[in-house]
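This is what each chain is made of:
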Amino acid sequence: AAFDAALAVNTVYFWQDLGAVFAEIARVLKPAARFAIGMRSPESLARAPFALHGFTFYPAEEVAAAMRNLGFTPRIEHREPGRKFDRQVVWGHRS
């Protein structure tokens, strides 16, 4: 393992298999690493015409569960909830 942290912003929508992608990210992270995903909620994405083709809408809870399955302790932060285009961050760390 080589990296202290991993960050992905607005890319999770294109990952067909969260478990496989997260396993690869976890493989290259050091034991006490941090991992963060910046994303929009499924409700927010559903309002964006560009997101109707080729996007997978993941709830933050599903992303957090995938992190938890790999030994991360996840936390979800909702930013600007209720706005047309909200922001969410799912981040976790391994101890």
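Chemist: Residue-level account of helix 3 (residues 60-69), with values.
Modeler: Regarding helix 3, the residues found buried are A60, V63, A64, A66 and M67. Buried positions in helix 3, seen along its axis, are confined to an arc of 155 degrees and lie on one side of it. The inward-facing, buried residues of helix 3 abut helix 1 (18-28), strand 2 (29-39), strand 3 (73-79) and strand 4 (87-93). Trailing helix 3 by a residue or two, G71 shows a phi angle of about 90 degrees, which is positive.

Chemist: Quick rundown of unusual backbone geometry? Include the residues and the values.
Modeler: Residues apart from glycine generally show negative phi values, whereas peptide bonds are mostly found in trans. A positive phi is found at N10, a non-glycine position, where the angle reads about 55 degrees. With respect to the helices, strands and loops of the structure, N10 is situated in the loop between strand 1 (3-9) and helix 1.

Chemist: Summarise helix 1; cite the residues concerned and give the values.
Modeler: Since there are 3.6 residues in each turn of an α-helix, residues three or four apart along the chain are aligned in direction. By the burial criterion, the buried members of helix 1 are L18, F22, I25 and A26. Projected down its long axis, helix 1 carries its buried residues within an arc of 100 degrees, all on one side. The elements touched by buried residues of helix 1 are strand 1, strand 2 and helix 3. Its side-chain oxygen 3.2 Å from the backbone nitrogen of G19, D17 forms the N-cap of helix 1.

Chemist: Go over the packing of aromatic side chains with me, naming the residues and quoting the values.
Modeler: As enumerated under the stated definition, the model contains 7 aromatic pairs in all. Residues F50 and F55 carry aromatic rings whose centres are separated by 5.8 Å and whose planes lie at 65 degrees to one another, so their mutual orientation is edge-to-face. Each residue in the set Y13, F14, F50 and F55 is aromatic and connected to the rest through ring pairs, giving one cluster.

Chemist: Which residues make up the sheet that holds strand 1, and what values go with them?
Modeler: Two strands in a sheet stick together by hydrogen bonds in their backbones, pointing the same way (parallel) or opposite ways (antiparallel). Taken together, 4 strands build an open sheet; the order of strands is 1-2-4-3 and the sheet is mixed. Two strands lie at the open edges of the sheet, namely strand 1 and strand 3, each paired on one side alone. Within the sheet, the average angular offset between the axes of one strand and its neighbour, ignoring direction, is 10 degrees. Sheet contacts for helix 1: strand 1 and strand 2; angle to strand 2, the most-contacted strand, approximately 140 degrees. Here helix 3 sits on the sheet in contact with strand 2, strand 3 and strand 4, set at roughly 10 degrees to strand 4.

Chemist: Hey, could you go over the side chain of R94 for me, with residue numbers and the actual values?
Modeler: Mapped onto the elements of the fold, R94 is located in the segment after strand 4. Of the buried charged residues, R94 lacks a salt bridge, with D4 as the closest side chain of opposite charge at 9.5 Å. Reaching out from R94, the side chain makes a polar contact with the backbone oxygen of A26 at a distance of 3.2 Å. When neighbours within four sequence positions are excluded, R94 is seen to be in contact with A26, L29, K30, P31, A32, A33, L70, G71 and F72.

Cut-off values and rules
- Residues numbered from 1 in each chain as written.
- Predicted model: local features only at pLDDT ≥ 70, side-chain atom pairs only at ≥ 80, totals over all residues.
- Heavy atoms only, no water.
- Buried < 20%, exposed > 50% of the residue type's maximum accessible area, 1.4 Å probe, protein only.
- Helix = DSSP H or I, 4+ residues; strand = E, 2+ residues; numbered from the N terminus.
- Arc of directions from axis to C-beta.
- Contact = heavy atoms within 4.5 Å.
- Polar contact = N/O pair within 3.5 Å; in protein donor to acceptor, adjacent residues only side chain to side chain.
- Phe/Tyr/Trp six-rings, centres within 6.5 Å; stacked < 30°, edge-to-face > 60°.
- Pairing = 2+ DSSP bridges.
- Axes fitted to C-alpha atoms, helices over the stretch in contact; angles between N-to-C directions.
- Lys, Arg positive; Asp, Glu negative; His and termini not counted.
- Salt bridge = Lys/Arg side-chain N within 4 Å of Asp/Glu carboxyl O.

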